[in-house]
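A closer look at the structure
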Amino acid sequence: MMQITFKINGESITQEVKPALLLIDLIRDHLKLKGTKPGCLEGECGACSVIVDGEAINSCMYLAINVNGKEVITIEGLGDHENPLDNVQEKMVEHGGVQCGFCTPGMVMTTKAYSDKCKKKGITPTREEVKKSLEGNLCRCTGYAKIIDAAEAVYEN
Amino acid sequence: MEKELKVIGKSHRKLDGKERVSGKAVYGHDIELPNMLHGSILRTAHPCAEIISIDTSKAEALEGVECVITADDDVYDVNNISYKRDHPILKKGTVNCNRDEIAAVAARTKEIADKALQLIEVEYNVKKGIYDPVEALKNEAPQINEFGKGKEQFGNKNMAESFHYEHGNLEEQKAKSKVIVKRTYELPRVTHACMATSNITAEFSPFDGRLTLWSSTQVPFLYQRDIAHALKMEPSKIRIIQPIIGGGFGSKLDMHPFEPICVLLAKKSGKPVQILFSREEEFVLSPTRQPMVIDLTTGCDENGKFTFREVEIIKDNGAYTSWGATTPFVMMQSYSSLYQVPACKFDSHAVYTNNPFAGSFRGYGNPQATFSIETNIDLMAEELGMDQSEIRLINANYKGEVTGQGLHFKTCGAIPALEKVIDESDFEKANAEPKGDRYKKGIGLGSMLHVGGGAKIYRSDGCGTVLKLDDYGYLTIITGSNEIGQGSETVLAMIAMEELGIAEEKIKVINTDTDVKPWDVGVHASRTSFVAGNSLLGAIKLMKEKLNKKAVALLDVVTDDWEYADGKMTFNEFEIKIDKVAREMHFGTPHELCTVNYFYEPPSKFQDKDFKGDVSGNYAFASQAIEVEVDTVTGNVEVLNVHVSQDVGRVLNPIGLQGQMEGGLATGIGYALTEEMIYENGELKNPSFHGYKLLTATDMPPVHFYPIETYDEAGPYGSKGAGEAPLIPTAAAIANAVSNALGVTFYSLPITAEKVLRALKEQKEKNKEVLV
Ligand code: FES
Ligand code: FES
């Protein structure tokens, strides 16, 4: 067992974990944050994407001990009391990017990390760049078009 | 004149979209019950073998294991499952395919359960197995499925199912034909790849023998019956609760062995048990689209008018017979009735092999049939020297047609859909254009016909609705139908908003619990918005009668011409809030609640023994024109543009409909170009997203969608079912486009880069021969 201290969705947590524990299992099984989805557990589908220190990562391929000292944001950490949905989430719903929704938390977290980075740099990506940013996230329902529309709309004022 | 609609026809965001986008929606994977155990299933190590012995003692002794079951267990008092009841839930004696379940474990954690599986010792006598249906039909082949009735029913022990259909005078039409094209097509095994893997949670009450299942079935009432039959229970003791479903596409039409196995574990352990598939298990175990070989002969006269179609199909049924064996119902419709066909003869044989069994998949046999039909059409056009667009237009179906099979097209958008994509894609020009050097461009057409108003394949194809308007003006729609992501519950809410003038915030849709909701046959055949929509409209009519009567009494005015809008009922200067009417009903005399109950059964008919009859409430038609670019150096095919036009009767929710188009097309493009389960001697070689290529965001071409509205009176507001259609003609159109680009025709899918390069090489060699 190892002790790790990290921030998740704004809250500081200290936890004893096994060195082999995966971040997705820490999130879903220990912390009971079920919004992060297990699509493959093989690093291939992106459904389990969460943000660690500003980067979207596949939580099924990431050891829990590696979040020590870091800040993790999951789908539950977006939005606040006043605006329960983040702009990215609003756009996903508005543009019809959600069908069965199993890929959606991953799509949202990937888009959130990417758009935050673009905004920080003051750039608006092209549609091709937006598509590229979503390449690691699979969806079987939507054919991606509406998800890409939503991810592009994030840059509108 | 028809009244103007306020809600229907305008884009409406998904009803529970906010729950789904915020991670709050609860899927099967997210369920945790107190005291719940985790189940794992041991599958055979060999696709074809005799089981000599199974020793579970070590697994049972492992700490944390609560129970282990095999087919020899006392609790295993069951019936065979599947469409033909030829599938034992747990196998003993023999195993017939790589999926075969031998034992199952329930343990405190998933890790312990998986570890226990490794401790189960099974001794096999490995056999060679038969993986080719043609081999299986030979006399010397052993009987693969001991429960198969092929010998008695079809004269061959390994025949699982067989269909014969015909209309018209084949010989006469053959004699009339100027051109006859005969080709053989080979279709691969592909899988649904739902993003959520299969799952089930079962809780069995020892007190009253009631069973609760949290299941992602798409047909809960048929499933309830299937579980009851499998486990020798009374159906009404089984309550099916559907958590949010992470993709269906047909994969959840059959009940699969893991589901009754989970119940058996729950029964034996006395605790709730959950089984979640890993992604690898999902690839191995999810039913596939039928692989098949299609021999198609078609003819046309000197003017290009079609004369006949003759088709013989051998389907690899796999080791057991699922609903998938009935896909010929749909396939024969395309052969008999997609375009005008004076004579048609159809034979299809599903043959047992030691491969995994196929199931149902969006399109239900139709993508396969359409691929063969549309390719043959291009070949006939070429031989006749006729335009590919023209040959389709002169043969296309029309309004009022009753086809040789008895399908009655009371409305028909086939010609408008074809014309639209031909026009928008500038088809004739693109088709004739020079093809480029290294990168060659091409364009292809494909059309399809599919049921649009349900399909009568079960004794009832109906759907029940209960409506409840409460004292505060909130409406609860309790519908038998299900939501599996396709957006039908949004459409239902829109209908209620339109008809009753109730705001979205005041509408709830309840559709997840068989103890609560009325009967419905389930999500299949693109039927939900059609059948559940009509059912809801029927219920609303009854509710309005009640409300109208009460409003008349309250306001002392004689009319039944009330307008429902903004939460109010209005007639001339008379106006009353709808919640007030409901309250007056409840608290005034005679006391009654504002609830109604309605069951809708579509007007469709069972087909007769010759498979003739008007099987659906209406029919959907669509055409696609697809542009591709082929890299002749790498063999890579890129889809540049998709033009799709579909007769949807009437657009209900544009954004939802467009989403169905794009999603269906993505699966269709995958079927055409990238997706294939690679099986060698009964074993799957690519059970992961790494080896099985789904389209990604960068592969998706622009989709130009042109709905055709034909206002069919059978459908709600004139609409038709739409969900399966977008992927049906896609592979056909792409294959035709690639052939237009390269001058080579492809008779099998997927059209991978290797296949393209091989074909180009052969073409070169052939050309050389010609030159020599
Ligand atoms: S679940 Fe992590 S990438 Fe698929
Ligand atoms: S919405 Fe179903 S997988 Fe993306």
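1. As for helix α10 (residues 328–337) of chain B
Residues and elements named next belong to chain B. Burial within α10 is extensive, with nine of its ten residues counted as buried. Among all positions in α10, only P328, V330, M331, M332, Q333, S334, Y335, S336 and S337 are buried. Count one or two residues on from α10 and you reach Y339, which has phi positive near 75°.

2. Side note on the packing of aromatic side chains
Residue and element names in this part refer to chain B. Applying the stated criterion across every chain, the model contains 19 aromatic pairs over all chains. Arranged with centres 5.8 Å apart and planes meeting at 45°, the rings of Y335 and F346 form a pair that is tilted. On the criterion of sequence distance, the pair formed by Y335 in helix α10 and F346 in strand β15 (residues 343–352) is long-range, its members being eleven residues apart. One cation-aromatic arrangement involves R289 over F361; the distance from NZ or CZ to the ring centre is 4.1 Å.

3. Concerning the pairing of β15 of chain B
Residues and elements named next belong to chain B. Most of β15 is tucked away, with nine of its ten residues classed as buried. Of the pairings in the sheet, the one linking strand β7 (residues 159–167) to β15 comprises eight bridges and is antiparallel in character. Bridge pairing links S162 to H349 in β15. When strand β14 (residues 306–318) meets β15, the two strands line up parallel, connected through ten bridges. Paired with E310 across the two strands is K345, which belongs to β15. Crossover connection from β14 via α10 to parallel β15: handedness right-handed.

4. Quick word on a negative patch on the surface
Taken together, the side chains of D387, E390, E419, D423, D426 and E428 of chain B make up a negatively charged region of the molecular surface. With respect to the secondary-structure elements, D387 of chain B resides in the loop between α11 (366–384) and α12 (388–395).

5. Brief notes about the domain arrangement of chain A
Residues and elements named next belong to chain A. Taken domain by domain, chain A consists of domain 1 (2–77) and domain 2 (87–153). The C-alpha centroid of domain 2 is placed 21 Å from the C-alpha centroid of domain 1. Summed over both sides, the interface of domain 1 with domain 2 buries roughly 1,100 Å², with 66% coming from carbon and sulfur. At the boundary of domain 1 with domain 2, the tally comes to one salt bridge. A salt bridge links E55 to K117; the shortest N-O distance between them is 3.2 Å. At the junction of domain 1 and domain 2, the tally comes to four residue pairs in polar contact (both at pLDDT 80 or more). For the side of domain 1 that touches domain 2, the secondary-structure elements that each account for two or more residues are β3 (49–52) and β4 (55–58). The element contributing the most residues to the side of domain 1 that touches domain 2 is β3, with three residues. Across the side of domain 1 that touches domain 2, the residue classes break down as eight nonpolar, six polar and three charged.

6. Here's the deal with the sheet that holds strand β11 (residues 238–241) of chain B
Residues and elements named next belong to chain B. Strand order in the open sheet made by the seven strands is β3-β5-β1-β12-β9-β10-β11, with mixed pairing throughout. The open sheet is flanked by β3 (65–70) and β11, the only strands paired with a single partner. Along the sheet, successive strands turn relative to each other by an average axial angle of 20°, direction set aside. Bridge count for strand β1 (residues 37–43) against strand β12 (residues 273–276) is two bridges, and the pairing is parallel. Across the sheet, residue L37 finds its bridge partner in β12, namely V273. Set on the sheet, helix α7 (residues 220–231) makes contact with β9 (199–204), β10 (211–215) and β11; between it and β11 the angle comes to about 140°.

7. With respect to the side chain of Q15 of chain A
Looking at the element boundaries, Q15 of chain A is found in strand β2 (residues 11–17). Apart from the residues within four sequence positions on either side, Q15 of chain A is in contact with M2, Q3, I4, L26, H30 and L31 of chain A.

8. Concerning the domain arrangement of chain B
Residues and elements named next belong to chain B. Entries for chain B in the domain assignment read domain 1 (17–24 + 462–600), domain 2 (31–128 + 195–247 + 252–285) and domain 3 (292–455 + 608–769). Between the C-alpha centres of domain 2 and domain 3 there is a distance of 37 Å. At the junction of the two partners, domain 2 supplies 24 residues and domain 3 supplies 28 residues. Of the roughly 2,100 Å² buried between domain 2 and domain 3, counting both surfaces, carbon and sulfur atoms make up 62%. By the criterion of area lost to domain 3, the three top residues of domain 2 are Y83, R99 and F283, representing 29% of everything that side buries. Applying the counting criterion to the domain 2 and domain 3 interface returns zero salt bridges.

What counts as what
Residues numbered from 1 in each chain as written. Chains lettered and ligands numbered in written order. Predicted model: local features only at pLDDT ≥ 70, side-chain atom pairs only at ≥ 80, totals over all residues. Heavy atoms only, no water. Buried < 20%, exposed > 50% of the residue type's maximum accessible area, 1.4 Å probe, protein only. Helix = DSSP H or I, 4+ residues; strand = E, 2+ residues; numbered from the N terminus. Phe/Tyr/Trp six-rings, centres within 6.5 Å; stacked < 30°, edge-to-face > 60°. Lys NZ or Arg CZ within 6 Å of the ring centre and 35° of its normal. Pairing = 2+ DSSP bridges. Right-handed = clockwise from strand over helix to strand, strands pointing away. Patch = residues over 30% accessible without salt bridge, like charges linked within 9 Å, V, L, I, M, F, W, Y side chains within 5 Å. Areas by Shrake-Rupley, 256 points an atom, 1.4 Å probe, with all protein chains shown as cover. Salt bridge = Lys/Arg side-chain N within 4 Å of Asp/Glu carboxyl O. Lys, Arg positive; Asp, Glu negative; His and termini not counted. Charge placed at Lys NZ, Arg CZ, Asp CG, Glu CD. Domains from an automatic or database assignment. Buried area = accessible area lost by both parts, 1.4 Å probe. Polar contact = N/O pair within 3.5 Å; in protein donor to acceptor, adjacent residues only side chain to side chain. Nonpolar A, V, L, I, M, F, W, Y, C, P; charged D, E, K, R; others polar. Axes fitted to C-alpha atoms, helices over the stretch in contact; angles between N-to-C directions. Contact = heavy atoms within 4.5 Å.

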